[in-house]
Amino acid sequence: MAGDGQGEDASGGQMPSAPGAPNPADLDAMRAAQKILVVKLGALGDMIIALGPFQAIRNHHPNAHITLMTTGAYAEIGRRCGLFDDILIDKRPDWHEFSKWLDLRKKLRGGKFDMVYDLQNNDRTSIYYRLFWPSSTPLWSGSAPKASFPFEDPRPPTRHAFERHRDQLSSLGITDIPLPDVRWMDTDVSAFNLPENACLLVPGSAPHRSEKRWPPQHFIALCDRLLNNDMVPVILGTPSESVVTNEIAGAVPDAINLTGKTSLFDLATLGRAAKLAVGNDTGPMHLIGAAGAPSVVLFSGASSPYLSAPIGPKITSLQEASLDRLSVDKVWKTIERMLNPDGDF
């Protein structure tokens with residue numbers, strides 16, 4: 001199905017496409033596609049950023065059967081967001097797991113896809129492109145060699161993930177790319193009985209990324225300032241982050257500790273109602289910020305807000321090469337400006 005770079009003029013003859021432009025015949029086939037695969041494997045922050053592009057693809061193919069290929073951790077997002085008809089779980093086989101590769105190949109070829117939007121664009125998904133051989137490979141948008149709609153996605157990246165998705169889709173004529181919308185994440189959080197002046201704190205990170213954590217003692221000092229200004233700290237985290245979250249909760253008895261008590265979708269509901277959120281560069285802050293909470297996101301030198309900052313209506317990112325050098329004063333001044341831009345805090 002891949003094109004040969006030729007278009008057809010009004011007389012029926014062939015005319016070349018502009019250099020680098022998609023083949024018009026392939027574009028027509030893409031618009032008419034009825035079996036579509038969207039590939040986005042993770043992580044959580046990347047999945048939230050991709051919600052807008054997911055919506056744009058659905059809007060472009062309103063009547064198509066669209067499957068999301070993702071990992072098990074994010075399958076529920078795909079199932080519940082209302083944009084996909086099916087989910088294909090990627091078990092991310094290692095090179096020596098031959099039977100798993102065969103199973104994945106069978107599922108990909110059995111899907112009989114007309115079009116693939118690869119929003120992951122990495123070496124693994126380039127291998128997935130090859131799994132269709134020797135059958136006909138579907139039209140493919142992505143960085144895989146010989147893709148019908150090639151997309152240059154440098155590694156390491158040089159642009160924000162949302163901008164990369166926008167550029168990839170706009171090259172195919174999909175130009176209306178909305179921001180992430182998590183209004184469909186709506187759960188009953190009344191059992192937590194949180195006050196209206198709740199401030200969500202996300203002090204954890206992946207266990208192997210401790211360099212992305214603002215020190216617990218800084219969060220403790222921030223809690224004191226919040227309480228002195230009639231805001232209640234609400235500590236969020238998974239059980240794997242309990243060493244950090246319990247240290248903070250133990251030092252601040254008036255804080256509410258919800259470690260291990262919230263679901264992924266609870267975070268969006270809490271974010272919609274929160275007065276403020278402060279946290280490290282980690283997936284939950286993407287979700288909370290997209291839900292609308294005024295958010296301050298703390299970056300170390302291990303990641304870049306220019307490439308992966310959360311997207312939302314009121315988000316500010318702060319960065320220091322080492323987060324122990326990011327002062328509580330600087331974070332507090334940012335909170336003051338965010339909550340009261342006129343200076344009356």
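The rules behind each value
- Think of each chain on its own: its residues are numbered from 1, step by step along the sequence as written.
- Given that the model is predicted, a residue must reach a pLDDT of at least 70 before its local features are reported, and side-chain atom pairs must reach 80 or more before they are shown or counted; all residues, however, enter totals for whole chains, interfaces and linings.
- As a convention, hydrogens and water are excluded, and side-chain values are obtained from all of the structure's heavy atoms.
- The definitions used throughout rest on a 1 Å grid laid over the protein atoms alone, on which a cavity is an enclosed set of points accommodating a 1.4 Å probe that cannot get out and a pocket is an open set flanked by protein within 12 Å on both sides along at least five of seven lines; lining residues are those having an atom within 4 Å of a point.
- Grid points are joined across faces, edges and corners, and a volume is the space filled by probe spheres set on the points.
- Where helices and strands are cited, they refer to DSSP runs of H or I of at least four residues and of E of at least two residues respectively, numbered from the N terminus.
- In this classification, the charged set is Asp, Glu, Lys and Arg, the nonpolar set is Ala, Val, Leu, Ile, Met, Phe, Trp, Tyr, Cys and Pro, and all remaining amino acids, among them Gly, are polar.
- Strands were regarded as paired on the criterion that DSSP finds at least two bridges between them.
- The contact definition used throughout considers only heavy atoms, calling two residues in contact when any of these lie within 4.5 Å.
- In this analysis, axes come from line fits to C-alpha atoms, helices being fitted only over the stretch in contact, and the angle between any two N-to-C directions falls in the range 0 to 180 degrees.
- What counts as a salt bridge is simple: a side-chain nitrogen of Lys or Arg found within 4 Å of a carboxyl oxygen of Asp or Glu.
- Whenever two N or O atoms come within 3.5 Å, that pair is a polar contact, provided that in protein one can donate a hydrogen and the other can accept it, and provided that, for residues adjacent in sequence, both atoms are side-chain atoms.
- Categorising residues by exposure relies on relative accessible area from a 1.4 Å probe, with only protein chains included: less than 20% of the type maximum marks a residue as buried, more than 50% marks it as exposed, and the intermediate range marks it as partly exposed.
- Note on terminology: angles under 35 degrees are roughly parallel, angles over 145 are roughly antiparallel, angles of 65 to 115 are roughly perpendicular, and the others are oblique.
- Crossings are classed by handedness, with left-handed meaning an anticlockwise turn of the near helix from the far one by less than a right angle and right-handed meaning a clockwise turn.

**Quick word on the layout of surface pockets**
Okay, step 1: Quantified by volume, the largest pocket comes out at close to 1,200 Å³.
Okay, step 2: Along the wall of the largest pocket there are 50 residues; nearest its centre are Ala43, Leu44, Gly45, Asp46 and Gly283.
Okay, step 3: Elements that contribute at least two residues to the lining of the largest pocket include exactly helix H2 (44–49), helix H7 (161–170), helix H10 (264–273), helix H11 (283–291) and helix H12 (305–308).
Okay, step 4: Split by residue class, the lining of the largest pocket holds 19 nonpolar, 21 polar and 10 charged.

**Focus on the sheet that holds strand E10 (residues 232–235)**
In sheet architecture, strand pairing relies on hydrogen bonds along the backbone and comes in two forms, parallel and antiparallel.
Okay, step 1: Spatially, the six strands line up as an open sheet ordered E11-E10-E9-E12-E13-E14, and their pairing is parallel. Both edges of this open sheet fall to strand E11 (256–257) and strand E14 (315–319), since each of them pairs with a single strand only.
Okay, step 2: Relative to strand E13 (residues 295–299), strand E12 (residues 276–280) is paired through four bridges, and the arrangement is parallel. Among the inter-strand pairings, glycine 279 is bridged to a residue of E13, identified as valine 297.
Okay, step 3: Its contacts with the sheet place helix H13 (residues 328–339) against E12, E13 and E14, and it is angled at close to 165° to E14.

**Considerations on the pattern of salt bridges**
Okay, step 1: Taken as a whole, this structure holds 14 salt bridges when the rule is applied.
Okay, step 2: Taken together, the shared-partner salt bridges connect Arg159, Arg166 and Asp167 into one network.

**A short note on the side chain of threonine 187**
Okay, step 1: Structurally, the position occupied by threonine 187 is in the loop between H7 and strand E9 (198–202).
Okay, step 2: A polar contact of 2.6 Å, which involves the side chain of threonine 187, links it to the side chain of aspartate 266.
Okay, step 3: Once residues within four sequence positions are removed from consideration, threonine 187 is found in contact with Phe265, Asp266 and Thr269.

**Details of helix H6 (residues 123–130)**
Okay, step 1: Where H6 is concerned, the buried positions are Arg124, Thr125, Ser126, Tyr128 and Tyr129.
Okay, step 2: Against the buried residues of H6 lie strand E3 (35–39), strand E4 (65–70), helix H5 (98–110), strand E6 (115–118) and strand E7 (139–142).
Okay, step 3: Measuring from the side-chain oxygen of the N-cap residue of H6 to the backbone nitrogen of arginine 124 gives 3.2 Å; that N-cap residue is asparagine 122.

**Details of the packing of H5 against H6**
Okay, step 1: Two numbers describe how H5 lies on H6: the axes approach to 10 Å, and their chain directions differ by 65°. Relative to H6, the element H5 is oriented roughly perpendicular. Along this stretch, H5 crosses H6, giving a crossing that reads as right-handed. Contacts between H5 and H6 involve Trp101, Leu104 and Leu108 on the former and, on the latter, Arg124, Ile127 and Tyr128.

**Here's the deal with the environment of alanine 161**
Okay, step 1: Locating alanine 161 in the fold gives a position in helix H7.
Okay, step 2: Taking C-alpha positions, alanine 161 is 10.0 Å from proline 310, a pair spaced 149 residues apart along the chain.

**Re the sheet that holds E4**
Okay, step 1: Spatial ordering of the open sheet is given by E5-E4-E3-E6-E7-E8, a layout of six strands whose pairing is parallel. Each edge of the open sheet carries a strand with a single partner, namely strand E5 (86–89) and strand E8 (149–150).
Okay, step 2: The pairing of E6 with E7 spans three bridges and is classified as parallel. Across the sheet, the residue bridging to tyrosine 117 is serine 141, located in E7.

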